Amino acid sequence: MKLLVVGSGGREHALAWKLAQAPRVQLVYVAPGNGGTAQDERLANVDITDIHELADFAEREQIALTVVGPEAPLAAGIVNVFRQRGLKVFGPTKEAAQLESSKDFAKAFMKRHNIPTAAYETFSDAAAAHAYVEKNGAPIVIKADGLAAGKGVVVAMSLEEAHQAIDMMLADNKLGDAGARVVIEEFLAGEEASFIVMVDGKHVLALASSQDHKRLQDGDQGPNTGGMGAYSPAPVVTPQLHARVMREIILPTVAGMEKEGIRYTGFLYAGLMIDAQGNPKTLEFNCRMGDPETQPIMARLKSDFSKVVEQAIAGTLDQVELDWDRRTALGVVMAAYNYPDTPRKGDRISDIPAETEASVTFHAGTQIVDGKLVTSGGRVLCVVGLADSVRSAQNVAYETVNRISFDGMQYRHDIGYRAAGRKQ
Ligand code: AMP
Ligand code: GLY
């Protein structure tokens, strides 16, 4: 069978890499893909991004299953279009994707269904937003309602930062329509974890737990990014916490969507904040897998992922049991010069060590130009190491990182430090 993965990041490289391991899978197309998916002979890039053209392609090539990576095509209705045309696709419909594409929708939904989350209010009027912030004080969190490619959340530690964020979104329209409404919410302290499940409309199958590092610099300092590294499993998600998140957050979300007439299918990602007492609250929902969480998660998955996706589309996830590598997988993101602002493109990347049983490098912002691998985006590579402990997995990953170079590269040296018990 031939499969299709939509997207071009490290997440999509990891999904395609895993899907291609199934003996019955002949080829996995990646649209549009990157330099890494271009080099792998079991994968092939397709230069299409328009969702109707993707459906034409899937029909023409008799694609058995399509997996959609990023939120933008999901929010644009790629799943609706594929389904209308009788094509098998795994992901949420446009309506279901509102859990990610509108923070206001997600917050109001959580409130209606008593799903634990930070207290909030929504504003489109700047003066009212400023007054709310004055009343509540800092720290406080300002979030653009719509999709803003990771730039829509400001965790304001001072009132000044909060006012600036409101002006940036509501007065100066720096984020366009995405920032025309803002959610202002209570600051939550604690440790974050990514809780990702697959949903078939009815049944929920949890993937292995994971945690990412969102700040650019060591010790969780510097600006927020899409994610500078991740590992799986995340020890903060104990079996007790796992059960509680399923009971209090995930299952009520799937049931609540159904009750409101929106069947949820696809990956569902709850970003959690776990307080010092171990109580989880939902920071956000994503209607897709995380990037870079997918890279270590896929590196640990031993089951035939093409079958799991097939079962998910058929609505029989209750019959699936996933088999995980017991090792810890830890991924270090190597980012381009000037990420996360305007990353420089075109830097030549040195040779990348071949995949081994303990290490695999997924590409994101890479491209092949005149036969040479060069940078083409902010997050360039995600180097994953697998070993019996977090510390050993760090060693394996960083050994590989040290063998790769490109001008202006930036990476964190401490991915996994919380789990390894190291204090910075
Ligand atoms: P989001 O896209 O909503 O997950 O926000 C991005 C990041 O901002 C999160 O991963 C957190 O690190 C931080 N964040 C979001 N909401 C809050 C909150 N209410 N309190 C503290 N930090 C937050
Ligand atoms: N790594 C965070 C995200 O994918 O949203």
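This text goes with the structure placed above it.
Conventions used here
- Residues numbered from 1 in each chain as written.
- Chains lettered and ligands numbered in written order.
- Predicted model: local features only at pLDDT ≥ 70, side-chain atom pairs only at ≥ 80, totals over all residues.
- Heavy atoms only, no water.
- Pairing = 2+ DSSP bridges.
- Helix = DSSP H or I, 4+ residues; strand = E, 2+ residues; numbered from the N terminus.
- Contact = heavy atoms within 4.5 Å.
- Axes fitted to C-alpha atoms, helices over the stretch in contact; angles between N-to-C directions.
- Core = buried A, V, L, I, M, F, W, Y, C linked by side-chain atoms within 4.5 Å.
- Buried < 20%, exposed > 50% of the residue type's maximum accessible area, 1.4 Å probe, protein only.
- Near = heavy atom within 4 Å.
- Polar contact = N/O pair within 3.5 Å; in protein donor to acceptor, adjacent residues only side chain to side chain.
- Areas by Shrake-Rupley, 256 points an atom, 1.4 Å probe, with all protein chains shown as cover.
- Nonpolar A, V, L, I, M, F, W, Y, C, P; charged D, E, K, R; others polar.
- Parallel < 35°, antiparallel > 145°, perpendicular 65-115°, else oblique.
- Phe/Tyr/Trp six-rings, centres within 6.5 Å; stacked < 30°, edge-to-face > 60°.

Caption draft 1: Representation of the sheet that holds strand 2 (residues 27-32) within the structure. Taking strand neighbours across the sheet as the criterion, the 5 strands line up as 3-2-1-4-5 in an open arrangement whose pairing is parallel. Each edge of the open sheet is held by one strand with a lone partner, namely strand 3 (43-45) and strand 5 (89-90). As defined by bridge partners, strand 4 (residues 65-68) adjoins strand 5 across 2 bridges and the pair is classed as parallel. What sits directly across from Thr-66, in strand 5, is Val-89. Relative to strand 1 (residues 2-7), helix 1 (residues 10-19) is tilted by about 170°, and along the sheet it contacts strand 1, strand 2, strand 3 and strand 4. Contacts from helix 12 (residues 305-314) reach strand 1, strand 4 and strand 5, with the element oriented near 90° to strand 4.

Caption draft 2: Region of interest: the nonpolar core. Grouped together as the largest cluster of nonpolar side chains are 51 residues, with contacts concentrated most on Ile-78, Phe-82, Leu-99, Phe-195 and Ile-250. Of all the secondary structure elements, the ones that give two or more residues to this core are strand 1, strand 2, helix 3 (51-60), helix 5 (78-84), helix 7 (103-112), strand 10 (191-200), helix 10 (239-259) and strand 16 (265-274). Ranked by residue count, the leading element in this core is helix 10, at 7 residues. The residues touching Ile-78, leaving out its near neighbours within four places in the chain, are Val-6, Ile-51, Leu-54, Val-68 and Pro-73.

Caption draft 3: Focus on the environment of Leu-301. Residue position: Leu-301 is located in the loop between helix 11 (294-300) and helix 12. In sequence terms Leu-301 and Ala-234 are 67 residues apart; their C-alpha atoms lie 15 Å from each other. If sequence neighbours within four positions are ignored, Leu-301 has contacts with Lys-18, Leu-322, Asp-323 and Trp-324.

Caption draft 4: Structural view of the site of ligand 2. As a structural note, the neighbourhood of ligand 2 is formed by Asp-212, Lys-214, Gly-226, Tyr-269, Asn-286, Arg-288, Gly-290, Asp-291, Pro-292 and Glu-293. One nitrogen or oxygen atom from the side chain of Arg-288 is found 2.9 Å from an oxygen atom belonging to ligand 2. Protein chains bury 91% of the 190 Å² of accessible surface belonging to ligand 2 in isolation. Taken together, the residues of the shell around ligand 2 sort by class into 2 nonpolar, 3 polar and 5 charged.

Caption draft 5: Up close: the packing of helix 1 against helix 12. Where helix 1 contacts helix 12, the two axes come as close as 7 Å, and the packing angle between them is 100°. Between helix 1 and helix 12, the interaxial angle falls into the category roughly perpendicular. Between helix 1, through Leu-15, Lys-18 and Leu-19, and helix 12, the contact on the second element is made entirely by Phe-305, Ser-306 and Val-309. Of the residues contributing to the contact of helix 1 with helix 12, the split by class is 4 nonpolar, 1 polar and 1 charged.

Caption draft 6: Just the packing of aromatic side chains, in detail. A complete count under the given rule lists 6 aromatic pairs for this structure. Here the aromatic rings of Phe-90 and Phe-267 are separated by 5.1 Å at their centres, their planes lie at 80°, and the arrangement is edge-to-face. Taken together, the residues Phe-90 in strand 5 and Phe-267 in strand 16 connect sequence positions 177 residues apart. Residue Phe-90 is classed as buried on the basis of its relative accessible area of 2%. With 6.3 Å between their ring centres and 10° between their planes, Phe-105 and Phe-109 make a pair best called stacked. Placement of both Phe-105 and Phe-109 in helix 7 is noted, with a separation of 4 residues, approximately one turn of the helix. Here Phe-105 and Phe-109 have matching classes, each one buried.

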